[in-house]
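# Coordinates in review
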Amino acid sequence: MTAQTSEPFTTLTSHCVVLVAENVDTDQIIPARFLKTVERRGLGAHLFADWRVDEQGRPRAEFPLNSAAAVDAAILVAGHNFGCGSSREHAPWALLDFGFRAVISTGFADIFRNNSLKTGLLPVTLSPDAHARLLELLAASPRAQVTIDLGTQTVNLPDGSTHEFPVDPFGRHCLLNGVDELGFLLEEDVAIAAYESAHPAPVCTR
């Protein structure tokens, strides 16, 4: 097993893609037929596959990820309870491979939120009022910029307002430093070796 590294997440400024549907489950994010690989690369092509294309494989013009506003967007603004359903790391992998670094919602399924933090995707939970205001601003100006500051745990909306969001402290550390759980342990290699040296294993005399 090797540590996975990603670009450290400090601040992110980007326009957004809006997907307001609630209770979007992981099977819609990345359908089960695309779970045969353990590679992260290439999954973005299948993100929301059943919604993005029709039966003939043609892009659905009305789907938000197929719009001009989606080009180079690094933030997905989603509806409540995003990422519910079965646990699959492929869901945040697909979002990351498509180009997203953060998802903003009023609430995430616990397993999806934990998987996201472990893989380098930041789940941002805003209050319903702040989320509704963001949707209003993006409806008026689809290419408006949003800034997420992980250091201060704040989101700056296009109207200049600032809103705080919670994040797991360990997940925050890993994102800020661009490491996963194994990478974190490797960072502590010197301290671990020092502890083991000071606490040698007992010798069996039998």
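The rules behind these values
Residues numbered from 1 in each chain as written. Predicted model: local features only at pLDDT ≥ 70, side-chain atom pairs only at ≥ 80, totals over all residues. Heavy atoms only, no water. Helix = DSSP H or I, 4+ residues; strand = E, 2+ residues; numbered from the N terminus. Buried < 20%, exposed > 50% of the residue type's maximum accessible area, 1.4 Å probe, protein only. Salt bridge = Lys/Arg side-chain N within 4 Å of Asp/Glu carboxyl O. Core = buried A, V, L, I, M, F, W, Y, C linked by side-chain atoms within 4.5 Å. Contact = heavy atoms within 4.5 Å. Pairing = 2+ DSSP bridges. Axes fitted to C-alpha atoms, helices over the stretch in contact; angles between N-to-C directions.

Before going further, it helps to examine unusual backbone geometry. Unusually for a residue other than glycine, Phe48 sits at a positive phi of about 50°. Tracing the chain through its elements places Phe48 in the loop between helix H1 (26-29) and helix H2 (49-52). In this structure Phe48 comes out as buried when scored by relative accessible area, which is 0%.

Enumeration according to the criterion identifies six salt bridges in this entry. Among the salt bridges present, the one from Arg88 reaches Asp27, with a minimum N-O distance of 3.2 Å. In this pair, Arg88 is assigned in the loop between strand S3 (75-78) and helix H3 (90-98) and Asp27 in helix H1, connecting sequence segments 61 residues apart. In this structure, the salt-bridge partner of Asp50 is Arg33, at a minimum N-O distance of 2.6 Å. Of the two residues, Asp50 sits in helix H2 while Arg33 sits in the loop between H1 and H2, which places them 17 residues apart along the sequence. Judged by its relative accessible area of 33%, Asp50 is partly exposed. Here Arg33 falls in the partly exposed class, since its relative accessible area comes to 47%. Salt bridges linked by common partners bring Arg133, Glu136 and Asp159 together as one network.

Ile29, Phe48, Phe82, Leu95, Phe100 and Phe112 are the most contacted members of the largest nonpolar core, which totals 28 residues. Every element with two or more residues in this core is listed here: strand S2 (16-19), S3 and H3. A total of four residues in this core trace back to one element, the largest contributor, which is H3. Residue contacts for Ile29: discarding those within four places in its chain leaves Val24, His46, Leu47, Phe48, Phe82, Gly83, Ala91, Leu95 and Phe112. Counting 25 residues, the second-largest nonpolar core is a separate cluster that includes Ala74, Leu117, Leu150 and Leu175.

Attention now goes to the sheet that holds strand S1 (residues 11-14). Reading across from one edge, S1-S6-S7-S8 is the order of the four strands in this open sheet, with antiparallel pairing throughout. Single-partner strands in this sheet number two, and they are S1 and strand S8 (162-164). If you compare each strand with its neighbour and ignore which way they point, the axes differ by 15° on average. As paired strands, strand S6 (residues 146-149) and strand S7 (residues 154-156) are joined by three bridges and run antiparallel to one another. Its bridge partner lying in S7, Thr147 is registered against Asn156.

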